[in-house]
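Here's the letter readout for the chains.
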Amino acid sequence: MNLTGKTAIVTGGGSGVGKAIATALVKEGANVVIASRREGLLKQVAEELNALEQGRVVTAVCDLRQLEDTRRVAQTALDQFSSIDFLVNNSGLGVESKIVDCTLDEWNLVMETNLNGTFFMSQSVLPTMIGQRSGYILNIASQAAKHGYANAGPYCASKFAVVGFAKALQEEVREYGIQVHSLCPALIQVPPPERPDEVRSGVLQVEDLAETTLFLFKQPTRIKFEDIGLYHV
């Protein structure tokens, strides 16, 4: 698929993995809405990417835990670009806590951001994608969606749930030509290194996820991948 002129929404698009994915999409000629809670950072990234004069970038300040905010992000994409072809559910967070010690506030923060945010953002773009009879929803999950890790119970639970949510959603929207996929990467170096000597061994880099995203989005619609795991070799 040629991505020129396509429209993507990338949550957490102001830094790290989200910025890398947004950058890769823009360089392919796609238009991108980058969304997060950090308005200043979003504006800085948008200015940087628009200077490339390839795809166009607009910003949307959004708290993914609020359904009204995610609907506004989807409307921004429609107002600016008239379509929504791709959604990258990238925003997420974790807390370091044993389950026995985890507070309800910590649990809710992780679940509301990682799971509710994915649900709200997906639900907000689905009417458009169903009407188009096309679209691609990509969740940046984690190896924590497949394996349990000590001191990361809420994070693991949220990512397992995201993968299950994606599998159920895929069955609901297959008839409309919409693909739903979850990437499950191992540890990623964030923020990305600024110099070669800062690259950590044994971990993925943000551009690895960006290139994998492009690979998925460019495939013919007849091809379906499922829960790709990414590891450093």
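No experiment lies behind these values; they were computed from the predicted model shown. (Residues numbered from 1 in each chain as written. Predicted model: local features only at pLDDT ≥ 70, side-chain atom pairs only at ≥ 80, totals over all residues. Heavy atoms only, no water.)

Further remarks concern the overall build of the protein chain. Counting its secondary structure elements, the protein chain contains 6 helices and 7 strands. Listing every helix and strand of the protein chain by position from the N terminus yields β-α-β-α-β-α-β-α-β-α-β-α-β. Here the C-alpha radius of gyration of the protein chain, 17 Å, is about what a compact globule of 233 residues would show, namely 17 Å. Seen through its principal axes, the protein chain has C-alpha atoms that stretch 50 × 45 × 35 Å. For the protein chain, the residues scored as buried account for 52% of the 233 residues in total. In the protein chain, the share of contacts with a sequence separation of at least 24, taken over all contacts with a separation of at least 6, comes to 70%. Counting every atom, the protein chain has about 11,100 Å² of accessible surface; 51% of that belongs to carbon and sulfur. Charge-centre separation for the protein chain: the mean point of 21 positive side chains lies 4 Å from the mean point of 26 negative side chains. (Helix = DSSP H or I, 4+ residues; strand = E, 2+ residues; numbered from the N terminus. Rg over C-alpha atoms; globule rule 2.2 N^0.38 Å. Buried < 20%, exposed > 50% of the residue type's maximum accessible area, 1.4 Å probe, protein only. Contact = heavy atoms within 4.5 Å. Areas by Shrake-Rupley, 256 points an atom, 1.4 Å probe, with all protein chains shown as cover. Lys, Arg positive; Asp, Glu negative; His and termini not counted. Charge placed at Lys NZ, Arg CZ, Asp CG, Glu CD.)

Approximately 960 Å³ is the volume attributed to the largest pocket. Residue lining of the largest pocket: 36 residues in total, with Asn90, Ser91, Gly92, Leu93 and Tyr155 positioned closest to the centre. No other element matches helix 1 (residues 16–27), which puts 3 residues into the lining of the largest pocket. A breakdown of the residues in the lining of the largest pocket according to their chemical character gives 17 nonpolar, 13 polar and 6 charged. Reported here for the second largest pocket is a volume of approximately 230 Å³. The wall of the second largest pocket is formed by 13 residues, among which Gly16, Lys19, Ala20, Pro192 and Val206 lie closest to the centre. Of all the elements in the fold, those that place two or more residues in the lining of the second largest pocket are helix 1 and helix 6 (206–218). In terms of residue class, the lining of the second largest pocket is built from 7 nonpolar, 3 polar and 3 charged. (1 Å grid on protein atoms, 1.4 Å probe; cavity = no way out; pocket = protein on both sides within 12 Å on 5 of 7 lines; lining within 4 Å. Points joined across faces, edges and corners; volume = space filled by probe spheres on them. Nonpolar A, V, L, I, M, F, W, Y, C, P; charged D, E, K, R; others polar.)

Below, the discussion takes up empty space enclosed by the protein. Applying the stated criterion across every chain, the model contains 1 cavity of 30 Å³ or more. Looking at the lining of the largest cavity, the elements that each hand over two or more residues are helix 4 (104–132), strand 5 (135–140) and helix 5 (153–173). Per-class residue counts for the lining of the largest cavity are 2 nonpolar, 6 polar and 1 charged.

Below, the discussion takes up helix 1. Taking 1.5 Å per residue, 12 residues should reach 16 Å; helix 1 reaches 17 Å between its end C-alpha atoms and fits that length. Extensive coverage of helix 1 is indicated by the burial of 10 of its 12 residues. For helix 1, every residue scored as buried is listed here: Gly16, Val17, Gly18, Ala20, Ile21, Ala22, Thr23, Ala24, Leu25 and Val26. Where helix 1 terminates, the next one or two residues include Gly29, which has phi positive at roughly 90°. (Expected span 1.5 Å × (residues − 1).)

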